[in-house]
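# Coordinates in review
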Amino acid sequence: MQKVSQLPYQRVSMEAFAQEIQGIITQVKEASSAQAVMAARDQCNQLVIRWQTAEALSYMRYSINTADPFYLAEKDYYDEVDPQAQNYLLEYTKAMLATPFRQELEESGAIIPLVFRSFEVELKSISPEIIEDMVEENRVVSQYSQLMAGMEFEFRGEKLPRPMLMKYAKSPDRATRKEAYEVLGRTLQAHSDQLDGLFDQLVHIRDRMAKKMGYQNFVELGYYRMGRLCYGPEEVKQFRENVRRDIVPLVAKLRTEVGERLGVDTLRLYDYDLIFPQGDPVPQGGKEAIFAAAQAMYHDMSQETGKFIDFMLETEAFDVESRKNKWGGGYCTSFPAYHQPFILANFNGTAGDVDVVTHEAGHAFADYKTAENPYVVELGIGGMETAETHSMSMEFFAWPYMERFFGDDAQRYRYMHLLDALSFLPYGTIVDDFQRQVYENPDWTPEERKAAWRALEADFRPHITFDGIPYLEEGTRWQYQMHIYETPFYYIDYCLAQTAALQFLLESQKDYDDAFRRYVHFLSQGGEKVFTDLLQEAGLRSPFQEGALRQVAQESETLLRKLQSGIEKKA
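Structural notes, computed from the coordinates. Note that this is a predicted model, so its numbers are computed, not measured.

## Looking at the overall build of the protein chain
Broken down by element type, the protein chain carries 24 helices and 5 strands. Over its C-alpha atoms the protein chain spans a radius of gyration of 24 Å, differing by no more than 12% from the 25 Å that the globule rule assigns to 571 residues. By principal-axis analysis of the C-alpha atoms, the protein chain measures approximately 75 × 50 × 50 Å. Looking at the protein chain residue by residue over its 571 residues, the buried ones come to 60%. Total accessible area on the protein chain stands at roughly 22,300 Å², and carbon and sulfur atoms take up 47% of it. With 60 positive and 88 negative side-chain charges, the protein chain shows a spacing of 4 Å between the two charge centroids.

Below is the structure:
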């Protein structure tokens, strides 16, 4: 068993990839039987595994040190040639869709119909004529990522990366919270020309790609690029309306109550990260204590999760220390050739550190469980909304074990966690609708984009104000929401997943073992079923149904009131 740091990396050259994939395409086109098509498919999948592993390894090693010249060059290489690889794979996709043996392959069960459906969507997401645009898009995204990773925030004599600065946003001292957000705003303002300029470039590159492919704007292309197989813009529009009608009023009421307990007349952005006047719960102990508690938790949760966490720790598949030049977010990836998940995070001493060993570990557990799934290359572990259900639900299935992490503060953590989960839905909806508006109006000026963000904040989060915070009060909160620059239209997946995760939580309150069994079944199927079918099979409501969130809101509020009552009695 190799440690992640020891996994061998070898660049897959574009020349070698092109030669092999062209041979595979010829095999598919000239196949004289379904078996011959399957043999070509297997060869293609193995090639894709080698490519994805090399690309993921190079990106991981770049992200743990964005100043590393070797892996920066390797990441730049894949940024440049990956569109070419996708174009070759597009030709393979066309050949697979055109094979006269498709019906036989589907009816025999050799390849499930969903694979061919995914091929059809892929065909709508890329074209040879946009390859140069894709290369340019990757280059600009990389510039933004490096800008954010290298940005330092000077706070009380220290130069901090953003994750460490945001630790102070949860301070019980309001002046400290305010100062942290002022530093955040002023530092972003110092880079405002770059932030506006890079985003403007991305919007126009993406709009140009969409129009070259015959779409009215990037919205339609953006959905195809996300590989969505069971919903589109109209369904998401209904979901946004569900959030507006049933979640926004509840969150506004609950957050106003929090503000009253904090003793503030007006709830400002710098009050939003804090739930309890005495300070929010923080983990007891540092990295070692968190990982020890996580290992004990997963062993108790099930035999499968116990084996999983042992594997992750033995292979040293975590990088969680925050440091300069490290990518500022968090993610889970995998190296498919080695059946190895990996988690990157930036610990900062807050409850978010625990979320890493629940949320990101939920992703990793799904990778671990589906590593040998016969359709994992073509369908992955499902759409991103499915993947985020894996992670967000695991956060809630960890609830019975929170005493291991927070001691006597476990109940306060549960209250904070559930309130944050509900509060996220309006914010995530803002992110999604902002992107829709931007790409429907690609020629908007920076000022018009900021005005659109302010209007959405007023609509979905009317209970808070940005007034008095340098730069952020102008409507620029989105500029450090890295998904908006890097992976357009991804963010709504978190919201859709959150509604599923909340339902798993509510079910676990009634029968934990049954809910966990349904969750593991949901997770183990990977991409073999679409999101809405997985929800139905798990006994959960689709978030696209009108009124789908009404019961979630009501039951969540009841649970929060119960938790609050317990906290008050204990106090």
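Read on for the rest.
## Some thoughts on the nonpolar core
Tyr181 and Phe405 are the most contacted members of the largest nonpolar core, which totals 211 residues. By residue number, the principal contributor to this core is helix H18 (residues 410–440), which donates 16 residues.

## Brief notes about unusual backbone geometry
One non-glycine residue, Arg156, lies in the positive phi region at around 50°. Despite not being glycine, Glu316 shows a phi value in the positive range, around 50°. Topologically, Glu316 is positioned in the loop between helix H13 (303–314) and strand S3 (318–321).

## Re the packing of helix H11 (residues 233–262) against H18
Close contact between H11 and H18 brings their axes to 9 Å; oriented N to C, the two are set at 135°. Judged by the angle between their axes, H11 and H18 are oblique. The chirality of how H11 crosses H18 is left-handed. Only Tyr415, Leu419, Asp420, Leu422, Ser423, Leu425, Pro426, Thr429, Asp432, Asp433 and Arg436 of H18 make contact with H11, whose side of the interface consists of Val236, Phe239, Arg240, Val243, Ile247, Val248, Leu250, Val251, Leu254, Arg255, Val258 and Arg261. In the contact of H11 with H18, the residues fall into 14 nonpolar, 2 polar and 7 charged.

## Let's talk about the layout of surface pockets
In this structure, the second largest pocket occupies an estimated 210 Å³ of space. Every residue lining the second largest pocket is listed: Pro8, Tyr9, Gln10, Arg11, Val12, Arg50, Thr53, Ala54, Leu57, Ala337 and Tyr338. When its residues are assigned to classes, the lining of the second largest pocket shows 7 nonpolar, 2 polar and 2 charged.

## Side note on the sheet that holds strand S4 (residues 331–335)
Here we have 3 strands laid out as an open sheet, ordered S3-S5-S4, and mixed in their pairing. At either margin of the open sheet sits one strand with a lone partner, and together these are S3 and S4. With strand direction ignored, the average angle separating the axes of adjacent strands in the sheet is 15°. Here 5 bridges tie S4 to strand S5 (residues 340–347), and the two strands are oriented antiparallel to one another. Residue pairing across strands places Cys332 opposite Ile343, the latter belonging to S5. Sitting on the sheet, helix H14 (residues 352–369) touches S3, S4 and S5, and the angle it makes with S5 is about 165°.

## Description of helix H12 (residues 287–301)
For H12, spanning 15 residues, the distance from its first C-alpha to its last is 21 Å, which sits close to the expected 21 Å at 1.5 Å a residue. Among all positions in H12, only Ile290, Phe291, Ala293, Ala294, Met297, Tyr298 and Met301 are buried. On an axial view of H12, the arc spanned by its buried residues comes to 160°, and they lie on one face.

## Quick notes on the packing of aromatic side chains
Scanning all chains against the criterion turns up 50 aromatic pairs. Ring centres 5.6 Å apart and planes at 55° place the aromatic pair Phe424 and Tyr491 in the tilted group. With Phe424 in helix H18 and Tyr491 in the loop between helix H20 (482–486) and helix H21 (492–510), the pair connects residues that are 67 residues apart, well separated along the chain. When the centroid spacing of 5.0 Å and the interplanar angle of 40° are considered together, the rings of Phe434 and Trp478 count as tilted. Of this pair, Phe434 sits in helix H18 while Trp478 sits in the loop between helix H19 (446–460) and H20, and the two are 44 residues apart along the sequence. Overall, Phe434 belongs to the buried group, its relative accessible area being 0%.

## Quick notes on empty space enclosed by the protein
Enumeration according to the criterion identifies 1 cavity of 30 Å³ or more in this entry. Its volume calculated, the largest cavity comes out at about 100 Å³. If you trace the largest cavity, you find 15 residues lining it, with Met148, Ala149, Arg162, Pro163 and Gly328 closest to the centre. At the level of secondary structure, the elements contributing two or more residues to the lining of the largest cavity comprise helix H6 (131–150) and helix H7 (162–165). Here the residues of the lining of the largest cavity are counted per class, giving 7 nonpolar, 4 polar and 4 charged.

## Re the side chain of Arg449
Mapped onto the elements, Arg449 comes out in helix H19. Within polar-contact distance, the side chain of Arg449 engages the side chain of Asp200 at 2.8 Å. Not counting residues up to four positions away in its chain, the partners in contact with Arg449 are Phe199, Asp200, Val203, His204, Phe434, Val438, Pro442, Trp444 and Trp478.

## Details of the packing of H14 against helix H16 (residues 384–397)
Two packed helices can be described by the angle between their axes and the distance between those axes. Where H14 contacts H16, the axes come no closer than 7 Å and their chain directions differ by 140°. Taken together, the axes of H14 and H16 are oblique relative to one another. Relative to H16, the crossing made by H14 is right-handed. When H14 is examined against H16, the residues Asp355, Thr358, His359, Gly362, His363, Phe365 and Ala366 are found in contact with a partner set consisting of Ala387, Glu388, His390, Ser391, Met392, Met394 and Glu395.

## A few points about the environment of Met166
Among the structural elements, Met166 can be located in the loop between H7 and helix H8 (174–190). A relative accessible area of 18% means that Met166 is categorised as buried. Here the alpha-carbon distance between Met166 and Ala180, two residues 14 residues apart in the chain, equals 7.1 Å. If we ignore the near neighbours within four places in the chain, the residues touching Met166 are Tyr181 and Leu184.

## Some thoughts on the pattern of salt bridges
Scanning all chains against the criterion turns up 51 salt bridges. Note that Glu136 is salt-bridged to Arg208, the shortest N-O span being 3.0 Å. Of the two residues, Glu136 sits in helix H6 while Arg208 sits in helix H9 (residues 192–212), which places them 72 residues apart along the sequence. Classification of Glu136 by relative accessible area gives partly exposed; the value is 27%. Among the ionic pairs, Glu182 bridges to Lys178, the shortest N-O distance being 3.1 Å. Placement of the pair is Glu182 and Lys178 together in helix H8, with a separation of 4 residues, close to one helical turn. For Glu182, a relative accessible area of 18% puts it in the buried group. Using a relative accessible area of 33% as the deciding quantity, one classes Lys178 as partly exposed. Within the structure, one salt-bridge network assembled from shared partners comprises Glu507, Lys510, Asp514, Arg517, Arg518 and Glu555.

Here is what the cut-offs are and how they apply
- Residues numbered from 1 in each chain as written.
- Predicted model: local features only at pLDDT ≥ 70, side-chain atom pairs only at ≥ 80, totals over all residues.
- Heavy atoms only, no water.
- Helix = DSSP H or I, 4+ residues; strand = E, 2+ residues; numbered from the N terminus.
- Rg over C-alpha atoms; globule rule 2.2 N^0.38 Å.
- Buried < 20%, exposed > 50% of the residue type's maximum accessible area, 1.4 Å probe, protein only.
- Areas by Shrake-Rupley, 256 points an atom, 1.4 Å probe, with all protein chains shown as cover.
- Lys, Arg positive; Asp, Glu negative; His and termini not counted.
- Charge placed at Lys NZ, Arg CZ, Asp CG, Glu CD.
- Core = buried A, V, L, I, M, F, W, Y, C linked by side-chain atoms within 4.5 Å.
- Axes fitted to C-alpha atoms, helices over the stretch in contact; angles between N-to-C directions.
- Parallel < 35°, antiparallel > 145°, perpendicular 65-115°, else oblique.
- Left-handed = near helix turned anticlockwise from the far one by under 90°.
- Contact = heavy atoms within 4.5 Å.
- Nonpolar A, V, L, I, M, F, W, Y, C, P; charged D, E, K, R; others polar.
- 1 Å grid on protein atoms, 1.4 Å probe; cavity = no way out; pocket = protein on both sides within 12 Å on 5 of 7 lines; lining within 4 Å.
- Points joined across faces, edges and corners; volume = space filled by probe spheres on them.
- Pairing = 2+ DSSP bridges.
- Expected span 1.5 Å × (residues − 1).
- Arc of directions from axis to C-beta.
- Phe/Tyr/Trp six-rings, centres within 6.5 Å; stacked < 30°, edge-to-face > 60°.
- Polar contact = N/O pair within 3.5 Å; in protein donor to acceptor, adjacent residues only side chain to side chain.
- Salt bridge = Lys/Arg side-chain N within 4 Å of Asp/Glu carboxyl O.

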